[in-house]
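One-letter residues, chain by chain:
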Amino acid sequence: MRLLLCAPTGRAAKRMNEATGFEAKTIHRLLEVDPRTGGFRRDSQNPLDCDLLVVDETSMVDVLLMHALLKAMPNTAALLVVGDVDQLPSVGPGQVLADTIASEAFPAVRLTEVFRQAARSQIIVNAQPHQRGCFSRSAQAGGRE
């Protein structure tokens, strides 16, 4: 199987590489930015060489970049997008990951266990009930003032 790993930022690509042992690139590097035109060398006429494309930190990918990435995918390749809709959104237009999940056009899995922050962190303790729509009385009272 020909596998490609990518992410919108160099830092995320480096983390993918460290976690998997496979080479990971930024999306722009994977698509081979052409400095003369500002476009990409990889597209439907010159597709990526892969059977599976894994994109991490997809919440940060905007519509234009995802469009370019999908155009460069071979018709026979599978796509696996990974991300957290509660993380940083894209700087550019659109919320690709959130909109894709909300469309229910594709299967999605939501992980609930936190690995990066300490499980007892006040951020985690307060964020998890908030995501479920449960608000503490103090937060509700503060919101009415």
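Quick caveat: nothing in here was measured; it's all calculated off a predicted structure.

About the thresholds
Residues numbered from 1 in each chain as written. Predicted model: local features only at pLDDT ≥ 70, side-chain atom pairs only at ≥ 80, totals over all residues. Heavy atoms only, no water. Helix = DSSP H or I, 4+ residues; strand = E, 2+ residues; numbered from the N terminus. Buried < 20%, exposed > 50% of the residue type's maximum accessible area, 1.4 Å probe, protein only. Patch = residues over 30% accessible without salt bridge, like charges linked within 9 Å, V, L, I, M, F, W, Y side chains within 5 Å. Areas by Shrake-Rupley, 256 points an atom, 1.4 Å probe, with all protein chains shown as cover. Salt bridge = Lys/Arg side-chain N within 4 Å of Asp/Glu carboxyl O. Pairing = 2+ DSSP bridges. Right-handed = clockwise from strand over helix to strand, strands pointing away. Axes fitted to C-alpha atoms, helices over the stretch in contact; angles between N-to-C directions.

**Description of unusual backbone geometry**
Inference 1: In this model, E57 sits at a positive phi of 55°, which is unusual for a non-glycine residue.
Inference 2: Along the chain, E57 falls in the loop between β3 (52-55) and α3 (63-71).
Inference 3: For E104, which is not glycine, the phi dihedral falls at a positive 60°.
Inference 4: In this fold, E104 is placed in the loop between α4 (96-103) and α5 (122-131).
Inference 5: In this structure E104 comes out as exposed when scored by relative accessible area, which is 68%.

**Details of a nonpolar patch on the surface**
Inference 1: On the surface, L70, L79 and V81 cluster together to form a nonpolar patch covering roughly 220 Å² of accessible area.
Inference 2: With respect to the element layout, L79 can be found in strand β4 (residues 78-81).

**A closer look at the pairing of β3**
Inference 1: When strand β1 (residues 3-7) meets β3, the two strands line up parallel, connected through 4 bridges. In the strand pairing of β3, C6 is matched with V55.
Inference 2: Inspection of the sheet shows β3 paired to β4 by 4 bridges, in the parallel sense. Bridge assignment links V54 to a residue of β4, and that residue is L80.
Inference 3: This β-α-β element, β3 to α3 to β4, shows right-handed connectivity.

**Topic: the sheet that holds β4**
Inference 1: Reading across from one edge, β2-β1-β3-β4 is the order of the 4 strands in this open sheet, with parallel pairing throughout. Looking along the sheet, the strands with just one partner apiece sit at the ends: β2 (24-26) and β4. Sheet twist, expressed as the mean angle between neighbouring strand axes with direction ignored, is 25°.

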